[in-house]
Each structure stands twice: as C-alpha cells, then as structure tokens.
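Notes for the structure review
Chain residues, written in single-letter form:
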Amino acid sequence: MKPFIYLCLSFLLSAENTLGQFIQYDQTREGFLVFHPIKFDKAGKIIPWNNPDIARSYDEIVNLTYNFWDTMKLDINGLPYYMNHQVWWKDGNDPRGLGGDQLAMALSSFQLMYMYTGNEKIKEKMKFIAEYYLLNGLSPQNASWSDIPYPYNSFVYGGKYDGDMVLGKNFTQPDKAGSFAWELLKLYKMCKKRRFGHANEDLYLEYAVRIANALASKTTDGDTDNSPLPFRVNALTGEIGLLKDNEGKGKVIAKSSYSTNWSGALNLFENLIKLKAGDTSAYKSAHTKILNWSKKYPVKTNRWGPFFEDVPGWSDTQINAITFAQYMMEHPQYFPDWKTEVKQIFNWVYEKLGNSQWQKYGVMAINEQTAYQTPGNSHTSRQGCAELQYAMLSGDSTMKDAAIRKLNWATYMVDNDGKNCYPKDEVWLTDGYGDYIRHYLRAMATFPELTLPQNRILSSSDIIVQVDYSPDFRKRLGQYMSDEELKTLQISYRTFQDISSEKIRMAKKPTKVTVDKKLIWESNYLISNTWRWTPSSKGGILEINKVGEEVKIF
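Residues numbered from 1 in each chain as written. Predicted model: local features only at pLDDT ≥ 70, side-chain atom pairs only at ≥ 80, totals over all residues. Heavy atoms only, no water.

1. Overview of the side chain of Ser109
What counts, and what does not: We count a stretch as a helix when DSSP gives it H or I for four or more residues in a row; a strand needs E for two or more, and each element gets its number in order from the N terminus. Residues adjacent in sequence count toward polar contacts only when both atoms are side-chain atoms; beyond that, a polar contact is any pair of N or O atoms within 3.5 Å, and within protein one must be able to donate a hydrogen and the other to accept it. Throughout, a residue-residue contact means that at least one pair of heavy atoms, one from each residue, lies within 4.5 Å.
Within the secondary structure, Ser109 is located in helix H2 (residues 102–117). A polar atom in the side chain of Ser109 sits 2.9 Å from the backbone nitrogen of Arg438. Excluding its chain neighbours within four sequence positions, the residues that come into contact with Ser109 are Tyr433, Gly434, Ile437, Arg438 and Leu441.

2. Regarding the sheet that holds strand E14 (residues 354–355)
Formally: For two strands to count as paired, DSSP must find a minimum of two bridges between them. Note on method: axes are straight lines fitted to C-alpha atoms, helices fitted across the in-contact stretch only, with angles between N-to-C directions ranging 0 to 180 degrees.
One open sheet holds the three strands; their spatial order is E14-E15-E16, and the pairing between them is antiparallel. Single-partner strands in this sheet number two, and they are E14 and strand E16 (372–375). Relative to strand E15 (residues 365–369), E14 runs antiparallel, the two being bridged by two bridges. Across the sheet, the residue bridging to Asn355 is Ala365, located in E15. Sitting on the sheet, helix H10 (residues 338–353) touches E14, E15 and E16, and the angle it makes with E15 is about 80°.

3. Structural notes on the nonpolar core
Stated formally: What we call a nonpolar core is a set of buried Ala, Val, Leu, Ile, Met, Phe, Trp, Tyr and Cys residues that are connected through their side-chain atoms within 4.5 Å. Exposure classes here rest on a 1.4 Å probe applied to the protein chains alone. A residue is buried below 20% of its type maximum, exposed above 50%, and partly exposed in between.
Core analysis: the largest hydrophobic core is formed by 154 residues, its most contacted members being Tyr493 and Ile553. If sequence neighbours within four positions are ignored, Ile553 has contacts with Thr488, Leu489, Gln490, Ile491, Tyr493, Ile504, Met506, Pro510, Lys512, Val513, Leu542 and Ile544. In terms of nonpolar packing, the next biggest core, distinct from the first, is built from six residues, Phe307, Phe308, Val311 and Ile319 among them.

4. Here's the deal with the packing of H2 against helix H13 (residues 430–446)
Quick reminder of the rule: Two helices that cross are described as forming a left-handed crossing if the nearer one is turned anticlockwise from the farther one by less than a right angle, and a right-handed crossing if clockwise. Polar here means any residue other than Ala, Val, Leu, Ile, Met, Phe, Trp, Tyr, Cys and Pro, which are nonpolar, and Asp, Glu, Lys and Arg, which are charged; Gly is therefore polar.
As a packed pair, H2 and H13 sit with axes 8 Å apart at the nearest point and diverge in direction by 35°. Crossing of H2 over H13 shows left-handed handedness. Residue-level inspection shows Gln102, Met105, Ala106, Ser108, Ser109, Phe110, Leu112, Met113 and Tyr116 of H2 in contact with H13, the latter providing Thr430, Tyr433, Gly434, Asp435, Ile437, Arg438, Leu441, Arg442 and Met444. Split into classes, the residues belonging to the contact of H2 with H13 amount to 10 nonpolar, five polar and three charged.

5. What about unusual backbone geometry?
A positive phi angle is found at Val34, which is not glycine, with a value near 55°. Among the secondary structure elements, Val34 is positioned in the loop between strand E3 (32–33) and strand E4 (36–37). Not every positive phi belongs to a glycine, and Lys424 is a case in point at roughly 60°. Positionally, Lys424 belongs in the loop between helix H12 (400–411) and strand E17 (427–428). By relative accessible area, which is 27% here, Lys424 ends up partly exposed.

6. Considering the packing of aromatic side chains
Cut-off, in case you're wondering: Any pair of Phe, Tyr and Trp rings, taking the six-membered ring for Trp, is counted once the centres come within 6.5 Å. Such a pair is stacked with planes under 30 degrees apart, edge-to-face with planes over 60 apart, and tilted for the rest. Whether a charge sits over a ring depends on NZ of Lys or CZ of Arg being within 6 Å of the ring centre and within 35 degrees of the ring normal.
Tallied over the full model, the rule gives 27 aromatic pairs. Residues Phe324 and Phe335 carry aromatic rings whose centres are separated by 5.9 Å and whose planes lie at 90° to one another, so their mutual orientation is edge-to-face. Residue Phe324 is found in helix H9 (residues 318–330), and its partner Phe335 is found in the loop between H9 and H10; the two are separated by 11 residues along the sequence. The pair formed by Phe324 and Phe335 is uniform in burial state, with each residue classed as buried. Taking 6.5 Å as the distance between ring centres and 80° as the angle between the ring planes, the aromatic pair formed by Tyr334 and Phe335 counts as edge-to-face. By relative accessible area, Tyr334 is classed as partly exposed at 24%. Here the aromatic cluster, defined as three or more aromatic residues joined through ring pairs, consists of Tyr66, Phe68, Trp69, Tyr82, Trp88, Phe110 and Tyr433. Residue placement shows Lys176 over the ring face of Phe307; its charged tip is 4.2 Å from the ring centre. The ring of Tyr207 is capped by Arg210, whose NZ or CZ atom sits 4.5 Å from the centre of that ring.

7. Observations regarding the packing of H10 against helix H11 (residues 377–394)
Formally: By definition in this entry, angles of less than 35 degrees are roughly parallel, angles greater than 145 are roughly antiparallel, angles of 65 to 115 are roughly perpendicular, and the rest are oblique.
Viewed as axis vectors pointing N to C, H10 and H11 meet at an angle of 155°, and their least axial separation amounts to 12 Å. Comparing their axes, H11 and H10 come out roughly antiparallel. In this structure, H10 meets H11 at a crossing whose hand is left-handed. Residues Trp338, Lys339, Val342, Lys343, Phe346, Val349 and Tyr350 of H10 touch H11, and the partners they reach there are Gln383, Ala386, Glu387, Tyr390, Leu393 and Ser394. In terms of residue class, the contact of H10 with H11 is built from eight nonpolar, two polar and three charged.

Function cannot be inferred from these measures alone, as they are strictly geometric.
What follows is the structure in structure tokens.
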C-alpha cells in the first residue's frame, strides 16, 4: 500500500485516471462502513454485518472471501488474475504487478482453509500457484543470491517475475523469499503422504532447501541499522538497494538494509532442521543469528521497519510487529519474558497506529504503517487474532472482547459477493485474501466458541495431509471400511508426522476414535489417555494427542 496511491472522494465513487477505470470505497456516511450499515448490540458495540451469530458470521466470511478468489476471472494472458495483479478491478485491469508477499500469503491462508473445509480443489490451486512461481520467478543459480524468488512482475502480462516494484528488475526481498519457502515446505508435507500422491512433491522440498541455503549463506549478525538479511537486494550482483523519501522526490535516505519480517525464515530453518533436510548446520547458525538480533534490537526498540513492496522509503509496519509477536507466542522457549514483551509490542501498535474513528462502537482499528496511516482490514483482524492468542496462552482475558470486535469490524470490508475492500482504498489481493482469511481461521482455533457446531479441524501441531468431512465416504474409503463403519464415520484425517495434536470442533460427541485402526476411545470407555472431550451447548471440542498417521472419528 502507498501513502499516495489514490485519494477517495465518496462511497462507491467511480473515477477515471490515465491508468484506466477503478472503484474506490470510502466510509463517509455516519453509521456506514465500506459496504454495509454498521450493526451493534444493545450496548452499542459492533457486531458482524452478515449475522449476529459470530460463529456463523466468521464461517460465512471466510467462505465468501475464498470463493471470490477461487472464481476470479482469467486474465488476458490466460493466467488467473491474481497471478498478475495486486489489486482487483471490476472493469479493466490494475496496471500494477503482484503485491510483495501475495502468493506466499495465499498459500498460508489456503493451507488453513484446506484443513477447515477438506476441499481438495484448494490443494490443487496451491500446487498451481507454487509450481508456476517456481518455474517463472527464481533468480538464476549463478546469481549472487541464487534461487531467490522475485516479488514482482515488471511486465504485468509477461508471465515472469523478475524484480521489485520500486527498485525494478533483478532486485528482490529476502524476507518474502523466507515466507514463500516456509509455505512451500508446508505444501510438501501436505502432498507427501497422500494415497494418490503428487508425483513431484519432493521438488517442493528441494526448492525450499535451495532458498534456505541462499538465505543462510547470506545471514550476518546484524546491528542497529542492519538486519541479518537486507530488505531489498540485487539478486544478481548482491548490491543492497536504496531507501528513498516517501514524497516521491527521489532523495536517497539510506540503504534498504533493515526489516524485521523474519518469522518465515525462522520457521523454515527450524522445520528443515527437524526434517534433517539440507545444510542443517548452516540453518542452525542463521537461525541463531536472526533470533539473537531480533531479541536484542526490535523487541527492545520497537523499530519494526518496512514490509510493503510499494513504499520507497522508511516505514514502521504493523505486520512486522504483530507477526513477530505471534512468533514469540508460538515459541515461548526462546522468550522467557514473552508475556511482557508481547504486551509491549501491542502497546506500541496502539500508540503509533491506533485508529479511534470507530471507538464509539467499541473498536480501535489499526492503521497499516507509519508511512500510510489508514485503517486496514488485514491489520485490524491480525491484531484481533493476536490478542485472542495472547488471551488464551497467558490467561489474561482483558483484551478478549475488544479483540473480537476488531474481527467483527473487519467483516464489513467484505461485500455480499466476497470482494474484500481495503477501507478508503481498493480491493487488495494481499490484504483482502491471503492476509485476511488466516486471521479468522486462527482466531477460531484459539477460541472454538467462535466456530459453528460442525465437524472441523481447527488446529494441528502438524500438517494435515488429507481430511474428509463429507457424510459420503464410500467413494474414497469404501474399499477400506465396512458399511456399518461408513454409516457412523464423522471425520477421517491423516497427518504428515505420526506424533501430533489436533483441536477439533464436533457437531456431536464421538462414539469411537481410532488411530491407525487401533481403538483409543469407545462410548464411555477410555482405551488410551490421548484425548479430551469438552462439551458445549451444541457439540463440543475434541482434543487428540496421537501417535499414528490416520485418525477416524465415529
């Protein structure tokens, strides 16, 4: 997002500029937010626009937004529109190429969406995105930074990704390489153990290793002004890019050598080490350098730095701050004082990026970044999700209700057809889709009362390889199960590793659970102490700690 992209004139204002037709959406009427009149409860606090039942609302929202992406038009070069552009236009095409982390964000959300829905089409779409990007977006192997994905397509319809939006051809963003490789590694796990496996799933691992090797070989200790890896660098020559002023005057401020968006790289290194894949010694060294630098500098200074592809200069961004706060909560072993430090990051966000425009509805929305102080759908929902995560892990529920209202607020960005508009801006395919859906699904996993009483895997410590929720299991499983079993089967799923833990929302209490055909629970008789059932007003939550690959819940 730019601080200078387009000025909004009024709600649903159509305007013409030299680049073509576009639609801007702006909340200018009292009691109206983007597409919908604001709804609120008896206390005057905001509730979702589409349904007062929050669980039903969130389920509808994630399905609406995914369906919009899934059915998006093909572009004039034959590729899906989202493979060419960063912003969706109803009429005509956005003249810009991809958003910086657009494809990795999509893979991130859709991995969770597959676990939630069991829709095999999602996995096929993920494979297409990954494979096309790998074949058409990596720096050459003889480059200074080899096998690194480029975040931008200089020729919008050329089908190739070859540079950076601001600095041009051959420049890349190493943080985006880390996040993409992490999603690629998860996709490898999703495909590896399928009964009808993808023939080239090992290539996903191979390319994740190549990217990890390139990043690890360039990782330094970093210092106050330089992160262990730079934000923008020329992949061919190794020249670090330049930061320029955000006013468009072209004045050079400093080198583009600082960012804090390294959670993807850290997760990539950790999981390759666990798999014993690639140069694990180099990964351990790089991981240590990035982790130590993060603890010494941004966690203490709150200097979070740039993330976005279209901002030429310095900006502190909420996505960097909160994504790292979430990493801290997911890895408390590295951060003994994580409760205090995460709370301090939250406070910094409110101080620098809090937006009180909707405070009378009980919502403090979150602005995107210091260089573009406008409220964001993805940023506000991310904040809500992270605060729910903090409430669950710390036991401090003081922020819980306000966090849910942030998610309620962000539902108003979604229209009836699933287009998801950035307030006072456009329909960004990053903020409205890849970096939006995942925040709702993670929030629902954190507090299952935010989910409908239907059979859904909400979270897993591993990657879900295959999951079936359909009542008609006969086509795929009939040859493996008796007719009696098929009639009572509620969920069947498989994981990449044998040892994992899952949290599952159930419409009704199971009568039997098996792991690799071994009974661990039947009726009220405990066979193995590896599960826990928590009833709710409708159905309940099943938590399983298993040793085995395939689980069936009856």
